[in-house]
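Next come the chains, spelled out residue by residue.
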Amino acid sequence: MAGQINAFEMAQKQFDGVAKLLNLDPQISEVLRWPMREYSFRIPVRMDDGSLRVFQGYRVQHNDARGPNKGGIRFHPNETFDTVRALATWMTWKCAVADIPLGGGKGGIIVDPSSITTPEKERLCRGWVGNMWKNIGPRQDVPAPDVGTTPQMMGWMMDEYSKLVGQYTPGVFTGKPLGGGGSEGRTEATGYGVIYTVREAMKHLKLDPTKSVAALEGFGNVSQYAAIGFVEMLGGKIACVSCWDRNDKTSYTYSHKDGVNPRFLLTIVDQYGTIDQKKAKDAGYVMEDGEKWIEKECDVLIPAAIEGHVNGDTVKKMHNRVKIVAEGANGPCTPEADDFFKANNIFNIPDFLCNAGGVTTSYFESVQNDMNFYWTKQEVLEKLDTKMTSAFHAVLDMSLKEKVYMREAAYMVAIDRVVKAMQLRGWI
Ligand code: NAD
């Protein structure tokens, strides 16, 4: 996402650009350029061998004018306060563009989760909550899993919080396992959400989805359900998917003469998104270099793996049939790629709109926890479709009205909503 640039400086720079377009009062900008509250704390943990290790923890609450802060907790060895600040800021805009009544937050611990044992992880999770419990909660700040954290960890954290406040409070963390307060439809949510926005973009561009072809980067949670949705909801065809092979430490593109069957690939992919090469070959799949996905003849490109792969170099290899780039991943396209899209009239669905299905369903999870009443998968997905569709059209309308590109329009919609909430509350 940030490369050599400090991620928080980048988040502020993006904000400054849109603040200018919106003619925002510089004093209001000064409020929004910075997180409202930041926590930095040390977490002592007794390790299995009896020694004591002290970990660095963070939580940043960027802006809660529209509702409780929302955002993941990352366990990462290179975590920094500035990364957490940037991610918290982006969460404010993502929740606002999705029009869910939540603000932006993010947390983290500097740790490589694969370097500690399961009991040590549990003590670390409980230690994070021990520091933060007074400043989080269903009405204050609702964390969730993120890089390096899992539904099981959310279960431990929710348990620790419930013990400390003296009552069962499932709505304090989302991304919990099903049966432990989690929501139906969360697994499909981000990928299907991507496809709801692609469907609306195709209507706008008057493209026939049943004659359309997509190429996807990645075959993890987002890409799997985006691929399934593209075939089953839109009736389109998949030219290829790619994945990073954990065993070979290299990436491959998988295609098939009859089109990729994502339901079949789902049966031969592991939990980290690595496709079983032998089983794929036996089923007639062709394997090529991992970079090839971007060159395939298709109408829709869905980068849904990692950041920065659609950049100044790779973007030139795109087939000239491509009409839509739907950003399933966070930050997959660089500013140089954006310039190329603008110059070539390619419709871009920016990440914080395109992949907002995940956070929207997390919001549904906390609503269900609050009511202690749970919806079916179909109800969750219908509500998600309604939310994603209206978010898409709010951004498209802004883009057409202000004659700006979709990414700028999404920022404009989001920042405008947060400013209005601050005004309504008398903060500014
Ligand atoms: P995941 O770990 O389930 O899958 C990632 C996939 O990308 C795997 O198939 C992996 O093999 C592949 N990959 C990694 N490096 C690659 C490379 N160099 N070339 C080709 N493929 C590569 O992750 P995910 O949950 O699907 O998330 C993907 C992206 O979407 C991330 O940017 C994430 O932040 C973003 N995102 C995810 C969600 C969610 O709900 N899962 C929500 C919003 C945004």
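Residues numbered from 1 in each chain as written. Predicted model: local features only at pLDDT ≥ 70, side-chain atom pairs only at ≥ 80, totals over all residues. Heavy atoms only, no water.

A. Highlighting helix α13 (residues 377-402). Helix length check: α13, at 26 residues, gives a terminal C-alpha distance of 37 Å against a target of 38 Å (1.5 Å per residue), a fit within 8%. For α13, the complete set of buried residues consists of Val-380, Leu-381, Leu-384, Met-388, Thr-389, Ala-391, Phe-392, Val-395, Leu-396, Met-398 and Ser-399. Tucked into the core, α13 has its buried residues touching α3 (81-97), α6 (186-205), β12 (347-349), α11 (351-354), α12 (357-371) and α14 (406-424). (Helix = DSSP H or I, 4+ residues; strand = E, 2+ residues; numbered from the N terminus. Expected span 1.5 Å × (residues − 1). Buried < 20%, exposed > 50% of the residue type's maximum accessible area, 1.4 Å probe, protein only. Contact = heavy atoms within 4.5 Å.)

B. Spatial organisation of the pattern of salt bridges. Counted by the stated rule, this structure contains 34 salt bridges. The residue Lys-377 makes a salt bridge to Glu-188 at a minimum N-O spacing of 2.7 Å. A residue pair is termed long-range when its members are at least 10 positions apart, and Lys-377 in helix α13 and Glu-188 in helix α6 qualify at 189 residues. Residue Glu-188 is classed as buried on the basis of its relative accessible area, which comes to 9%. Of the charged contacts in the structure, one is a salt bridge between Lys-292 and Glu-295, with a shortest N-O distance of 3.5 Å. Under the relative-accessibility criterion, Lys-292 is labelled partly exposed at 31%. (Salt bridge = Lys/Arg side-chain N within 4 Å of Asp/Glu carboxyl O.)

C. Structural context of the side chain of Glu-79. Topologically, Glu-79 is positioned in the loop between β3 (69-76) and α3. Judged by its relative accessible area of 3%, Glu-79 is buried. Ignoring anything within four residues of it in the chain, the contact list for Glu-79 reads Tyr-58, Arg-74, Val-84, Gly-107, Gly-108, Ile-109 and Ile-110.

D. Spatial organisation of the pairing of strand β4 (residues 103-110). In terms of burial, β4 is largely enclosed, as 7 of its 8 residues are buried. As judged from the 6 bridges shared by strand β2 (residues 52-63) and β4, these two strands associate in the antiparallel manner. Directly across from Tyr-58, in β4, lies its bridge partner Gly-108. As judged from the 6 bridges shared by β3 and β4, these two strands associate in the parallel manner. If you follow Phe-75 over to β4, its bridge partner there is Ile-109. For the crossover from β3 across α3 to β4, the handedness is right-handed. (Pairing = 2+ DSSP bridges. Right-handed = clockwise from strand over helix to strand, strands pointing away.)

E. Seen up close, helix α7 (residues 221-232). A rise of 1.5 Å per residue sets the reference length of α7, with its 12 residues, at 16 Å; its end C-alpha atoms lie 17 Å apart and thus fit the reference within 8%. In terms of burial, α7 is largely enclosed, as 9 of its 12 residues are buried. Looking at α7, one finds that the buried residues are Val-222, Ser-223, Gln-224, Tyr-225, Ala-226, Ala-227, Ile-228, Gly-229 and Phe-230. Residues of α7 that are buried make contact with α6, β6 (213-217), β7 (237-245), α8 (262-266) and β10 (300-303).

F. Summary view of the domain arrangement of the protein. The domains assigned to the protein are domain 1 (37-184) and domain 2 (187-354). On a C-alpha basis, the centres of domain 1 and domain 2 stand 30 Å from each other. (Domains from an automatic or database assignment.)

G. Fine view of the pairing of β6. Among the 5 residues in β6, 5 count as buried, and that is most of the element. Burial along β6 is two-sided: the residues Val-213, Ala-215 and Glu-217 and Ala-214 and Leu-216 are all buried. In terms of strand pairing, β6 meets β7 through 4 bridges, oriented parallel. By the bridge assignment, Val-213 is partnered in β7 with Lys-237. Crossover connection from β6 via α7 to parallel β7: handedness right-handed.

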